[in-house]
There are 2 protein chains.
Amino acid sequence: MDYNILQDLALEEGGKIVYLILDGLGGLRMEGWEGTELQVARTPNLDRLASQSVCGLLDPIWPGITPGSGPAHFAIFGYDPLQFEVGRGVLAALGIGFQLTERDVAARINFCTLDQEGKVADRRAGRIPTEENRRLCAKLRGSLNLGTEFFIEPVKEHRAVLVLRGEGLGGDLADTDPQKEGFAPLEPKFLSPESKRTAELVKDFLHQAKEILADEPKANMLILRGFAKYNPFPTMEERYKLHSLAIANYPMYRGLARLVGMDVWPEVGDLKDEFKLLAQNFPQYDFFYLHVKKTDSFGEDGNFAAKVKVIEEVDSLLPQVLELKPEVIVVTADHSTPSKLKSHSWHPIPVLLFSPNCRVDEVERFDEISCIKGGLGRLPAVALITLALAHARRLQKYGA
Amino acid sequence: MDYNILQDLALEEGGKIVYLILDGLGGLRMEGWEGTELQVARTPNLDRLASQSVCGLLDPIWPGITPGSGPAHFAIFGYDPLQFEVGRGVLAALGIGFQLTERDVAARINFCTLDQEGKVADRRAGRIPTEENRRLCAKLRGSLNLGTEFFIEPVKEHRAVLVLRGEGLGGDLADTDPQKEGFAPLEPKFLSPESKRTAELVKDFLHQAKEILADEPKANMLILRGFAKYNPFPTMEERYKLHSLAIANYPMYRGLARLVGMDVWPEVGDLKDEFKLLAQNFPQYDFFYLHVKKTDSFGEDGNFAAKVKVIEEVDSLLPQVLELKPEVIVVTADHSTPSKLKSHSWHPIPVLLFSPNCRVDEVERFDEISCIKGGLGRLPAVALITLALAHARRLQKYGA
């Protein structure tokens, strides 16, 4: 499906849409438990809503493909994740809440240790503490003198982010990371003519950084990976005529929302605050993306019981969404993160779509096993946005 | 989905995958029987496995499209059958177990009868017996003198195969078959410049063949169809990093497996031997394609009872696969061949995927009707390979 078609079909007016996204919600049965996390959780409100909704399973990318957070979110926002890509440097900058502009090229920094011959002895500089990382970033910032604006921001341990800002900078550069220890860092190399100037800036940057870090015991150099220019996607306003607000308490998800042109609520406390913010801002927007992070975090930890708890907490807050009476409520995930696997996985995600206009199916419990018997069947996640728009009466007929 | 992406995602290491393919397995209820062949068959082992698996239905090409054996197999191996094509000449050569090389152009031969004016009086030369066919092929081989290496191999009745072998031969030639009787065979015509030399060789071949066959009472000429160059597909090793073995007792399926780069067990006896070979070769490979032909043959014959018997025999051998403990077992078909229709059909094929990492659904019987309630839903068959790779933990995450 060519989503550009939606620009012609989307209406200015229509109902409001709430996306309640439980990150990594999809799960698996795990030893010692009587079902998946969602099956084990007591979710009377979600189940009641499911029994009045149309349900199904969604594939974020393609059956069998495990997505990262970026592509998984793009899909549910209706941006084909195989077509819309962001580089790893950009994702790293989004992940720490750095507000990128269209003049920016971002790359991931690894502080590393060079031996006396200038070869990489440790690609992670002994995993220096984050505190040390902060000090090094400040030191670099204070001493560097580049021909363009730049930012150096710590992430965690040995990882940081470099952002170069300037007109006409390309992001098509090879990594300087030699990948293996025992080799010298690679020279910056541009892969397209538009990135020639960036390569020169990076060369200068690395030259100066080496001198500035020379007296450091561990992190006496850095290597760069995942160069990428920040190209915001066409906005949800442009594509769907949706004036959209993101409520998320992790910087990465606020960054992804900004990338598709959503307004972003700057700071959020806990889950209860997120639901309060939704109510407070409800009159001002058409579309709301409310992101719950901890289902994913506990899944990654393999903490089945804690993931169950978060699901139950969301369930208890759900009536606050219902009270607002949006035309469409979607409850789903971006991807699965089964506690059993302690990682993102390829398993399809359960979805319910509630609307006065939905064709209610026979599903009476909101979980991964029940949902496949729902009226949506199994669909690519990228189809979710058109379903939401349709139920909100925001799409015209295609063709006469 | 662009399957080239898998080259970046596929890992060198991971679990083993067994594809147990019952050719033409999908069926229909037929008068006098209480269900489809698979429903009627007593399959305690398949049913038990289904109750521990994720099940669904697959469309080989597209809903409603009946596939030939080639495209149907390409799909389950993950090669989009609308993109990967082999010409009919190549398929005919594969079908008799002819080992094609990349320097080969193959075409189908029909022995035919010309009248005195040189017009085709019988496009099948009265369906001469296969014995007669063999004699004619030998006669041609013994007398022809071409400017390149060539092979003429009998198939059945009036059908044979021509293979021209040489550097730089193109396969883009029009048929010489006039399609209707009462017309002279067409002159060989090249459809692209690279095939000019092939056309000249074919012209010479036909000129000589006409003289050699002139005294034959029935098959006094031949017509050529389905010219095609043999272009092996990118291998399963290249695409998926799977070292693969095919165990199949019909030449056609060994040929299809060779086309995607599998190692092929040269000769196989009966079904029991196939399962024994699987066990013997289990340590040496990552992926196993075990092909059961007779479900299809009996389907084509309209022999419902015999097809049921074959399914039951496979069921009784299934525990031998389970004992090997592969990470992934897939049981499915290439396409449906309902006894009721006595031919391939468009009906989707039932599939079960068993793995410790699968999300077990509520399906408790392995048959066409139960499977649609399974967690896989209805998917294109080409998605099967990514699901198998994912469950074998052989795919990295897509994007960050």
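So, how was this worked out
- Residues numbered from 1 in each chain as written.
- Chains lettered and ligands numbered in written order.
- Predicted model: local features only at pLDDT ≥ 70, side-chain atom pairs only at ≥ 80, totals over all residues.
- Helix = DSSP H or I, 4+ residues; strand = E, 2+ residues; numbered from the N terminus.
- Rg over C-alpha atoms; globule rule 2.2 N^0.38 Å.
- Buried ≥ 20, exposed ≤ 12 C-beta atoms within 10 Å, placed from the backbone.
- Contact = placed C-beta atoms within 7 Å.
- Domains from an automatic or database assignment.
- Nonpolar A, V, L, I, M, F, W, Y, C, P; charged D, E, K, R; others polar.
- Pairing = 2+ DSSP bridges.
- Axes fitted to C-alpha atoms, helices over the stretch in contact; angles between N-to-C directions.
- Core = buried A, V, L, I, M, F, W, Y, C linked by C-beta atoms within 7 Å.
- Least-squares fit on C-alpha atoms with pLDDT ≥ 70 in both.
- pLDDT = per-residue confidence, 0-100.
- Parallel < 35°, antiparallel > 145°, perpendicular 65-115°, else oblique.
- Left-handed = near helix turned anticlockwise from the far one by under 90°.

### Here's the deal with the overall build of chain A
Assigned secondary structure in chain A consists of 14 helices and 13 strands. Against the compact-globule benchmark of 21 Å for 400 residues, chain A has a radius of gyration of 23 Å, which places it among compact chains. If you line up chain A on its principal axes, its C-alpha atoms span 70 × 55 × 35 Å. Of all 400 residues assigned to chain A, the portion counted as buried reaches 52%. Once local pairs closer than 6 in sequence are excluded, the contacts in chain A between residues at least 24 apart make up 72%.

### A look at the domain arrangement of chain A
Residue and element names in this part refer to chain A. For chain A, the domain assignment lists domain 1 (5-84 + 234-391) and domain 2 (90-229). Taking only C-alpha atoms into account, the centre of domain 1 sits 35 Å from that of domain 2. Facing the seven residues of domain 1 at the interface are five residues of domain 2. Of the residues forming the side of domain 1 that touches domain 2, the biggest block, six residues, is contributed by helix α9 (residues 251-259). Taken together, the residues that form the side of domain 1 that touches domain 2 break down as four nonpolar, two polar and one charged.

### Examining the sheet that holds strand β8 (residues 244-247) of chain B
All names here are of chain B. The strand order across the open sheet built from eight strands is β9-β8-β10-β1-β11-β12-β2-β13, with neighbouring strands paired in mixed fashion. The sheet terminates laterally at β9 (263-264) and β13 (377-380), the two strands that pair on one side only. Here strand β2 (residues 54-59) runs beside strand β12 (residues 349-354); their pairing, made up of five bridges, is antiparallel. Across the sheet, residue Gly-56 finds its bridge partner in β12, namely Val-351. In this fold helix α12 (residues 304-323) packs onto β1 (17-22), β10 (287-292) and β11 (328-332), with an angle of close to 170° to the strand it touches most, β1.

### Regarding the sheet that holds strand β1 (residues 17-22) of chain A
All names here are of chain A. Across the sheet, eight strands lie side by side as β9-β8-β10-β1-β11-β12-β2-β13; this open sheet has mixed pairing. Strands at the two margins of the open sheet, each flanked by one partner only, are β9 (263-264) and β13 (377-380). Here strand β2 (residues 54-59) pairs with β13 via four bridges, running parallel. By the bridge assignment for β13, Gly-56 is matched with Gly-377.

### Concerning the nonpolar core
Ala-106, Val-330 and Val-351 of chain A together with Ala-106, Val-330 and Val-351 of chain B are the most contacted members of the largest nonpolar core, which totals 249 residues. Setting aside its immediate chain neighbours within four residues, Val-351 of chain A contacts Cys-55, Gly-56, Leu-57, Leu-58, Val-330, Thr-332, Cys-371, Leu-376 and Leu-384 of chain A.

### What about unusual backbone geometry?
Residue and element names in this part refer to chain A. Positive phi is not limited to glycine here, since Glu-157 has a value of about 50°. Along the polypeptide, Glu-157 turns up in the loop between β5 (149-156) and β6 (159-165). Non-glycine residue Arg-393 carries a positive phi angle of around 60°. For Arg-393, the position within the fold is in the segment after α14 (384-391).

### Describing the relation of the copies chain A and chain B
It takes a turn of 125° to lay chain A on chain B, together with a shift of 0.3 Å along the axis; the resulting RMSD is 0.2 Å. Those values place the two copies in the arrangement expected of a three-fold rotation axis. Of the residues that chain A buries at the interface, just 11% are likewise interface residues in chain B, meaning the two copies contact each other through different surfaces.

### Remarks on the confidence of the model for chain A
Summary statistics for chain A give a mean pLDDT of 96 and a share of 100% for residues scoring 70 or more. Listed scores for the predicted complex are pTM 0.91 and ipTM 0.90.

### Thoughts on the environment of Val-328 of chain B
All names here are of chain B. Counting through the fold element by element, Val-328 comes out in strand β11. Assessed through the 25 C-beta atoms surrounding it within 10 Å, Val-328 is described here as buried. Among all residues touching Val-328, those that are not within four sequence positions of it are Gly-15, Ile-17, Leu-353, Ser-355, Ala-388, His-391 and Ala-392.

### A few points about the pairing of strand β10 (residues 287-292) of chain A
Each regular strand carries side chains that alternate between the two faces of the sheet. Residue and element names in this part refer to chain A. Here β10 lies mainly inside the structure; six of its six residues are buried. Here β10 shows a buried face lined by Phe-287, Tyr-289 and His-291 and a second buried face lined by Phe-288, Leu-290 and Val-292. Bridge count for β1 against β10 is six bridges, and the pairing is parallel. Across the sheet, the residue bridging to Val-18 is Phe-288, located in β10. As judged from the four bridges shared by strand β8 (residues 244-247) and β10, these two strands associate in the parallel manner.

### Examining the environment of Gly-147 of chain A
Among the secondary structure elements, Gly-147 of chain A is positioned in the loop between α6 (130-143) and β5. On a C-alpha basis, the gap between Gly-147 of chain A and Gly-166 of chain A in space is 9.3 Å, while along the polypeptide they are 19 residues apart.

### Structural notes on the packing of helix α11 (residues 294-301) of chain A against helix α12 (residues 304-324) of chain A
To describe two helices that pack against each other, one gives the angle between their axes and the distance between the axes. Residue and element names in this part refer to chain A. Two numbers describe how α11 lies on α12: the axes approach to 8 Å, and their chain directions differ by 170°. When the axes of α11 and α12 are compared, the pair comes out roughly antiparallel. Contact residues: Lys-294, Thr-295, Phe-298 and Gly-299 in α11; Ala-306, Lys-307, Val-310 and Ile-311 in α12. Of the residues assigned to the contact of α11 with α12, the class counts are four nonpolar, two polar and two charged.

### Focus on the packing of helix α10 (residues 271-281) of chain B against α12 of chain B
Residues and elements named next belong to chain B. Relative to each other, α10 and α12 sit at 15°, their axes nearing to 10 Å. Overall, the two elements α10 and α12 adopt an arrangement that is roughly parallel. The crossing of α10 and α12 is right-handed. The residues of α12 that touch α10, namely those facing Leu-271, Lys-272, Phe-275, Leu-278 and Ala-279, are Glu-313, Val-314, Leu-317, Gln-320 and Val-321.

### Regarding helix α5 (residues 88-95) of chain A
All names here are of chain A. By the criterion of burial, α5 is predominantly enclosed, with eight of the eight residues buried. Residues of α5 that are buried in the fold lie against α4 (69-76), β3 (104-114), β5, β6, β7 (221-229) and α9. Two residues or fewer after α5 comes Gly-97, characterised by a positive phi angle close to 80°.

### Describing the pairing of strand β11 (residues 328-332) of chain A
Residue and element names in this part refer to chain A. Where burial is concerned, most of β11 is hidden: five out of the five residues are buried. Burial of β11 is two-sided: the residues Val-328, Val-330 and Thr-332 facing one way and the residues Ile-329 and Val-331 facing the other way are all buried. Of the strand pairs in this sheet, β1 and β11 are connected by five bridges, and their pairing is parallel. Note that in β11 the partner of Leu-20 across the bridge is Val-331.

### Describing helix α5 (residues 88-95) of chain B
Residue and element names in this part refer to chain B. Within α5, seven of the eight residues are buried, which leaves the element mostly enclosed by the surrounding structure. Along α5, the residues classified as buried are Gly-89, Val-90, Leu-91, Ala-92, Ala-93, Leu-94 and Gly-95. Buried positions along α5 lie against α4 (69-76), β3 (104-114), β5 (149-156), β6 (159-165), β7 (221-229) and α9 (251-259).

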